[in-house]
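# Residue-level structure breakdown
One-letter residues, chain by chain:
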Amino acid sequence: KQEVTQIPAALSVPEGENLVLNCSFTDSAIYNLQWFRQDPGKGLTSLLLIQSSQREQTSGRLNASLDKSSGRSTLYIAASQPGDSATYLCAVRPILTGGGNKLTFGTGTQLKVEL
Amino acid sequence: ETGVTQTPRHLVMGMTNKKSLKCEQHLGHNAMYWYKQSAKKPLELMFVYSLEERVENNSVPSRFSPECPNSSHLFLHLHTLQPEDSALYLCASSFTDSHTEAFFGQGTRLTVV
């Protein structure tokens, strides 16, 4: 059974720092990996989608990498801002789950960027 | 606006009530999903509808009953819930293609009293 782990569970950094969030998964048979952002009490906002054949994806100050063989992904946030404060979730789409886009999620990293 | 709209945003219901959660997507997707998010636990997939047919039911109790009348709308009918069912219920949609991303709604915060 696929399991997704995110470390650290919580992180507090001063504004302007570059930071890395980690995600690991136990089964490398995945179609893709998706990073989401969730604000308190809100839904999920998709940040980046990395296909299994890709090594990284970039969007603005965000860069996500994928090492499928080792079961790891990182989300790099450059020049962090207080508005980046949120919970960041990693999810993988296992190959063996048939039709549809069924995702297995980690428990998230709660990020706080302080002034 | 994510293109996936859920109503209501908040719901408080008694254990003997019957209520429904609604989800609507405006993205032209052909698959829709219900997830449950409880405190300190990963999101759990509840139901999957692909091309309007239910293709997965992850051992969800029968007090949760999904309905997908068309590719744009998804409901979750609730009856005789338990306090442990209190959670954030998230709807998502996507194309059935394996390489596309999923989009989520804002969720319904359900409290069972």
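Notes on the structure in this doc start here. None of the values given here were measured: they were computed from a predicted structure. (Residues numbered from 1 in each chain as written. Chains lettered and ligands numbered in written order. Predicted model: local features only at pLDDT ≥ 70, side-chain atom pairs only at ≥ 80, totals over all residues. Heavy atoms only, no water.)

This part is about the overall build of chain B. Along the backbone of chain B there are zero helices and 11 strands. Against the globule reference of 13 Å for 113 residues, chain B gives a C-alpha radius of gyration of 13 Å, in line with a compact fold. A principal-axis box enclosing the C-alpha atoms of chain B has dimensions of 40 × 25 × 25 Å. Residues classed as buried in chain B amount to 45% of the 113 residues present. A separation threshold of at least 6 residues defines the contact pool for chain B, and within that pool the share at least 24 residues apart is 54%. When the accessible area of chain B is evaluated, it comes to approximately 5300 Å², of which 51% is carbon and sulfur surface. Counting 10 positive and 11 negative side-chain charges, chain B places the averaged centre of each group 12 Å from the other. (Helix = DSSP H or I, 4+ residues; strand = E, 2+ residues; numbered from the N terminus. Rg over C-alpha atoms; globule rule 2.2 N^0.38 Å. Buried < 20%, exposed > 50% of the residue type's maximum accessible area, 1.4 Å probe, protein only. Contact = heavy atoms within 4.5 Å. Areas by Shrake-Rupley, 256 points an atom, 1.4 Å probe, with all protein chains shown as cover. Lys, Arg positive; Asp, Glu negative; His and termini not counted. Charge placed at Lys NZ, Arg CZ, Asp CG, Glu CD.)

With that out of the way, let us pick up the interface of chain B and chain A. Each partner contributes to the interface: chain B provides 25 residues, whereas chain A provides 22 residues. At the boundary of chain B and chain A, one finds zero salt bridges. Counting the contacts that link chain B with chain A gives six residue pairs in polar contact (both at pLDDT 80 or more). Residue composition of the side of chain B that touches chain A, by class: 10 nonpolar, eight polar and seven charged. (Salt bridge = Lys/Arg side-chain N within 4 Å of Asp/Glu carboxyl O. Polar contact = N/O pair within 3.5 Å; in protein donor to acceptor, adjacent residues only side chain to side chain. Nonpolar A, V, L, I, M, F, W, Y, C, P; charged D, E, K, R; others polar.)

This paragraph deals with the pairing of strand β7 (residues 62-67) of chain A. All names here are of chain A. The sheet contact formed by strand β6 (residues 56-59) and β7 spans four bridges and is antiparallel. Its bridge partner being in β7, S59 is matched across the sheet by L62. The turn joining β6 and β7, which pair antiparallel and follow one another in sequence, is formed by two residues; a positive phi near 60° is taken by G60. Here β7 pairs with strand β8 (residues 72-77) via six bridges, running antiparallel. The residue of β8 that forms the bridge with A64 is L75. Hairpin connection from β7 to β8: four residues lie between these consecutive antiparallel strands, with G71 at a positive phi of about 70°. (Pairing = 2+ DSSP bridges.)

Further remarks concern unusual backbone geometry. Between I7(A) and the following residue, P8(A), the backbone shows a cis peptide bond with an omega angle of 0°. The residue P8(A) is located in the loop between β1 (4-7) and β2 (10-14) in this model. The residue after T7(B), namely P8(B), is reached through a cis peptide bond having omega -10°. Here P8(B) is to be found in the loop between β1 (4-7) and β2 (10-13). Of note in this structure, A79(A) is not a glycine but carries a positive phi near 45°.

Residues and elements named next belong to chain A. Checked against the element boundaries, T109 lands in strand β11 (residues 109-114). On the basis of relative accessibility, which here comes to 0%, the residue T109 falls in the buried class. The residues contacting T109, other than those within four sequence positions of it, are Q6, I7, P8, A9, L11, L21, A86, T87 and Y88.

So, on to the state of the cysteines. As used here, a disulfide is simply a covalent bond connecting the sulfur atoms of two cysteines. Residues and elements named next belong to chain A. Counting across every chain of the model gives two disulfides over all chains. Two residues, C23 and C90, share a disulfide whose sulfurs are 1.9 Å apart. Measuring the twist about the S-S bond at about -55°, one finds the C23-C90 disulfide to be left-handed. Residue C23 is found in strand β3 (residues 19-25), and its partner C90 is found in strand β9 (residues 86-94); the two are separated by 67 residues along the sequence. Of the two residues, C23 and C90, neither departs from the other in class, the shared state being buried. (Disulfide = S-S within 2.5 Å.)

So, to be careful, I would describe these as geometric facts and stop short of saying anything about function.
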